[in-house]
Amino acid sequence: MKADPACTDLPSAALGGPVSHAVSRVARLHRFAAGKLLKGLGLYPGQEFLMMYLWDAGAVRQSELIKAVDLDPSTVTKMLQRLEQTGHVRRCPDPDDRRAVLVEATDDSCALHADVERAWTNLEEHTLAGLDPSERKELARLLAKVEENLCSEAEDCSEAEDCSERH
């Protein structure tokens, strides 16, 4: 079977950056595959990261959540509104600062936690199909290095630094 030229041929402007072009294509396809899995759970892409953070962190200020997921505040607000409507999160005034809002995952979101975990496991297996354990480990190591390089260009790379410390 011949590979689709759209997936292998580089545009002339990308000839100096074949790896960057591949990373961009892979990221787009990965997000698309994740979106398909999440749609079956009633989630929009990105909401799972918000929920993952809340499940691990517990109740946090909305401002902390916005910083942690590194999204525009209006995007996070819209995500939280949808997640609140579906019963997955609860927002309430911070008792220590009534101007601030606390956000937390609800008890009802526990089933969603297991579903998201399964979806990410399935995505991982689909994404890495055909790679043996040593190749998977090497890919994770190399991607951590790439992330570290990109982090050095970012304004705030605390998340990437935390991630690279885990690898």
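Fair warning: this is a prediction, and the values are worked out from it, not measured in the lab.

A word on the packing of aromatic side chains
Argument step 1. In total, this model carries one aromatic pair according to the counting rule given.
Argument step 2. Where Phe 49 meets Trp 120, the ring centres are 5.6 Å apart and the plane angle is 65°; that geometry is what we call edge-to-face. Here Phe 49 is found in helix α3 (residues 47–57), whereas its partner Trp 120 is found in helix α6 (residues 110–127), with 71 residues between them in sequence.
Argument step 3. Overall, Trp 120 belongs to the partly exposed group, its relative accessible area being 24%.
Argument step 4. The side chain of Arg 82 reaches across the aromatic face of Tyr 44, ending 4.1 Å from its centre.

Re the layout of surface pockets
Argument step 1. Quantified by volume, the second largest pocket comes out at close to 170 Å³.
Argument step 2. Around the second largest pocket, the lining residues are Val 26, Leu 29, His 30, Phe 32, Ala 33, His 126 and Thr 127.
Argument step 3. Contributions of two or more residues to the lining of the second largest pocket are made by α2 (18–39) and α6.
Argument step 4. Sort the elements by how many residues they give to the lining of the second largest pocket and α2 lands first, with five residues.

Some words on the nonpolar core
Argument step 1. The biggest cluster of nonpolar side chains holds 19 residues, and the ones touching the most others in it are Leu 50, Met 51, Leu 54, Leu 65, Val 76, Leu 80 and Val 89.
Argument step 2. Those elements that place two or more of their residues in this core are α3, α4 (62–69), α5 (73–85), β3 (97–105) and α6.

What about the pairing of β3?
Argument step 1. Of the pairings in the sheet, the one linking strand β1 (residues 60–61) to β3 comprises two bridges and is antiparallel in character. Counterpart to Val 60 in the pairing with β3 is Val 103.
Argument step 2. For strand β2 (residues 89–94) and β3, the ladder comprises six bridges, and the chain directions are antiparallel. When the sheet's bridge partners are listed, Cys 92 is paired in β3 with Leu 102.
Argument step 3. Linking two consecutive strands that pair antiparallel, namely β2 and β3, is a turn of two residues.

Here we look at the pattern of salt bridges
Argument step 1. Under the defined criterion, the tally for this structure stands at seven salt bridges.
Argument step 2. In this structure, Asp 94 engages Arg 61 in a salt bridge whose closest nitrogen and oxygen atoms are separated by 2.7 Å. Residue Asp 94 is located in strand β2, and its partner Arg 61 is located in strand β1; the two are separated by 33 residues in the primary sequence.
Argument step 3. Asp 94 sits in the buried class, given a relative accessible area of 5%.
Argument step 4. Note that Arg 90 and Glu 104 form a salt bridge whose closest N and O atoms lie 3.0 Å from each other. With Arg 90 in strand β2 and Glu 104 in strand β3, the pair connects residues that are 14 residues apart, well separated along the chain.

Considerations on unusual backbone geometry
Argument step 1. A positive phi angle, near 55°, is found at Asp 70, a position not held by glycine.
Argument step 2. Inspection of the secondary structure assignment puts Asp 70 in the loop between α4 and α5.

A few points about the confidence of the model for the protein
Argument step 1. Confidence in the prediction for the protein averages 88 pLDDT; 87% of positions are at 70 or higher.
Argument step 2. With pLDDT under 50 throughout, residues 163–167 is counted as low confidence; its partners more than four residues away or in other chains account for three contacts.

Re a nonpolar patch on the surface
Argument step 1. A contiguous nonpolar patch, built from Leu 131, Leu 139, Leu 143, Val 146 and Leu 150 and spanning about 390 Å² of accessible area, is present on the exposed surface.
Argument step 2. Here Leu 150 lies in helix α7 (residues 133–151).
Argument step 3. Look at Leu 150 and you get exposed, because its relative accessible area is 57%.

Cut-offs and rules
Residues numbered from 1 in each chain as written. Predicted model: local features only at pLDDT ≥ 70, side-chain atom pairs only at ≥ 80, totals over all residues. Heavy atoms only, no water. Phe/Tyr/Trp six-rings, centres within 6.5 Å; stacked < 30°, edge-to-face > 60°. Helix = DSSP H or I, 4+ residues; strand = E, 2+ residues; numbered from the N terminus. Buried < 20%, exposed > 50% of the residue type's maximum accessible area, 1.4 Å probe, protein only. Lys NZ or Arg CZ within 6 Å of the ring centre and 35° of its normal. 1 Å grid on protein atoms, 1.4 Å probe; cavity = no way out; pocket = protein on both sides within 12 Å on 5 of 7 lines; lining within 4 Å. Points joined across faces, edges and corners; volume = space filled by probe spheres on them. Core = buried A, V, L, I, M, F, W, Y, C linked by side-chain atoms within 4.5 Å. Pairing = 2+ DSSP bridges. Salt bridge = Lys/Arg side-chain N within 4 Å of Asp/Glu carboxyl O. pLDDT = per-residue confidence, 0-100. Contact = heavy atoms within 4.5 Å. Patch = residues over 30% accessible without salt bridge, like charges linked within 9 Å, V, L, I, M, F, W, Y side chains within 5 Å. Areas by Shrake-Rupley, 256 points an atom, 1.4 Å probe, with all protein chains shown as cover.

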